[in-house]
Amino acid sequence: MNVDTGGRKPGGRPTREQAAAIDARILDGARAVFCRKGVANSGLEEIAAELGVSKHTLYRRYPNKAALLEAVVGRDVGRFRDALLSAAAGKEGEGALDALRRAAFRYVEIGSSRDYAAFYLSVSAEAAVSPVLRERLASWSRDALEPLVGLVSTAQAAGELRPGDPGSVCGILVDLLEGVNNRLRLGEDAVVEVPSLLRLFEERWAVFTTAFGNG
């Protein structure tokens, strides 16, 4: 990957927009390398070479691999949270459970993607033997799921879900949703069709609302 200097003179200081573009390319490329080779087998110098940037460019932004991985996952988590919250936003007068359902379906849409799964399953596999990475993965997961926990809490406050610890209830919902994701990720079809995704989701959503619904 060649980094476009955007017309600035060699050695000149990049503009804010140019720096942001370089950062985005680095994170995109690093994510791809981590996904393909695994975190443990990826070094910063190797990543810099594959991305077509100087070691100085990479080290100036990320002093070590942990910092680079943190930035890659942090961006993903932010996008994931935004996607859940955007899906939850509905029309005035709709119930809190409707908002939770939309966010839960968006969770499945994102999580069933093979690209998404390949990266996070790779990180999870290495976290199994790395206490430090395991701790970070747990923290990233809590941050990513915070919107769902909040929606569960709102639905409980509205009387649409039974009372209980919102985090625990959300955890059970996520377990059900991950069942859908696993089926779709391991399926033979290269592209997941919406009807199949929706059918599997609705089956799990019915189980969830039967267990925790208050209607």
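Our structure is the block above this text.
Residues numbered from 1 in each chain as written. Predicted model: local features only at pLDDT ≥ 70, side-chain atom pairs only at ≥ 80, totals over all residues. Heavy atoms only, no water.

### Let's talk about the overall build of the protein
The helix and strand inventory of the protein stands at nine helices and zero strands. When the helices and strands of the protein are read in sequence order from the N terminus, they spell out α-α-α-α-α-α-α-α-α. Its C-alpha atoms put the protein at 65 × 35 × 35 Å along the principal axes. When each of the 215 residues of the protein is scored for burial, the buried share is 38%. Taking the intrachain contacts of the protein between residues at least 6 apart in sequence as the baseline, contacts between residues at least 24 apart amount to 66%. When the accessible surface of the protein is split by element, carbon and sulfur atoms take 54% of a total near 11800 Å². One way to put it: in the protein the 28 positive side-chain charges average out to a point 6 Å from where the 28 negative ones average out. (Helix = DSSP H or I, 4+ residues; strand = E, 2+ residues; numbered from the N terminus. Buried < 20%, exposed > 50% of the residue type's maximum accessible area, 1.4 Å probe, protein only. Contact = heavy atoms within 4.5 Å. Areas by Shrake-Rupley, 256 points an atom, 1.4 Å probe, with all protein chains shown as cover. Lys, Arg positive; Asp, Glu negative; His and termini not counted. Charge placed at Lys NZ, Arg CZ, Asp CG, Glu CD.)

### Considering the packing of aromatic side chains
Taken as a whole, this structure holds eight aromatic pairs when the rule is applied. Aromatic side chains Phe-105 and Phe-201 sit 5.2 Å apart centroid to centroid with 70° between the ring planes, which places their arrangement in the edge-to-face category. Taken together, the residues Phe-105 in helix H5 (residues 96-111) and Phe-201 in helix H9 (residues 194-212) connect sequence positions 96 residues apart. Aromatic pair Trp-205 and Phe-208: ring centres 5.4 Å apart, planes at 35°, arrangement tilted. Taken together, the positions of Trp-205 and Phe-208, both in helix H9 and three residues apart, correspond to about one turn of that helix. Overall, the relative accessible area of 1% leaves Phe-208 in the buried class. An aromatic cluster of at least three residues, connected via ring pairs, comprises Phe-80, Tyr-107, Tyr-116, Phe-119 and Tyr-120. (Phe/Tyr/Trp six-rings, centres within 6.5 Å; stacked < 30°, edge-to-face > 60°.)

### What to know about the nonpolar core
Grouped together as the largest cluster of nonpolar side chains are 59 residues, with contacts concentrated most on Phe-34, Leu-68, Leu-100, Tyr-107 and Leu-148. Elements that contribute at least two residues to this core include exactly helix H1 (16-37), helix H2 (44-51), helix H4 (65-88), H5, helix H6 (114-127), helix H7 (131-157), helix H8 (166-185) and H9. Here the element with the most residues in this core is H5; it accounts for 10 residues. Sequence-distant contacts of Leu-148, defined by excluding residues within four places in its chain, comprise Leu-84, Leu-100, Ala-103, Ala-104, Tyr-107, Cys-170 and Val-174. (Core = buried A, V, L, I, M, F, W, Y, C linked by side-chain atoms within 4.5 Å.)

### Some thoughts on the pattern of salt bridges
Considering all chains together, one arrives at 13 salt bridges under this definition. Here Glu-202 ties to Arg-101 by a salt bridge, and the two come within 2.2 Å at their closest N and O atoms. With a gap of 101 residues between them, Glu-202 in helix H9 and Arg-101 in helix H5 connect regions that are remote in the sequence. The exposure class assigned to Arg-101 is partly exposed, which follows from its relative accessible area of 24%. Residue Glu-203 is joined to Arg-199 by a salt bridge in which the shortest nitrogen-to-oxygen separation is 3.6 Å. Residue Glu-203 and its partner Arg-199 are both found in helix H9; the two are separated by four residues, about one turn of the helix. (Salt bridge = Lys/Arg side-chain N within 4 Å of Asp/Glu carboxyl O.)

### Points about the packing of H1 against H2
Running from N to C, H1 and H2 point in directions that differ by 120°, and their axes come no closer than 10 Å. Every pair of crossing elements has a handedness; the one defined by H1 and H2 is right-handed. Contact residues: H1 offers Ile-26, Gly-29, Ala-30, Val-33, Phe-34, Arg-36 and Lys-37, while H2 offers Glu-46, Ile-47, Glu-50 and Leu-51. In terms of residue class, the contact of H1 with H2 is built from six nonpolar, one polar and four charged. (Axes fitted to C-alpha atoms, helices over the stretch in contact; angles between N-to-C directions. Left-handed = near helix turned anticlockwise from the far one by under 90°. Nonpolar A, V, L, I, M, F, W, Y, C, P; charged D, E, K, R; others polar.)

### Some points on H9
Look at H9: 26 Å from first C-alpha to last across 19 residues, which is about the 27 Å you get at 1.5 Å a residue. Three or more residues of H9 are buried, namely Leu-197, Leu-200, Phe-201, Arg-204, Trp-205, Phe-208 and Phe-212. Summarising the axial view, the buried residues of H9 lie within an arc of 135°, below the 170-degree limit, and thus occupy one face. Among the exposed residues of H9, those oriented more than 90 degrees off its buried face are Pro-195 and Thr-210. (Expected span 1.5 Å × (residues − 1). Arc of directions from axis to C-beta.)

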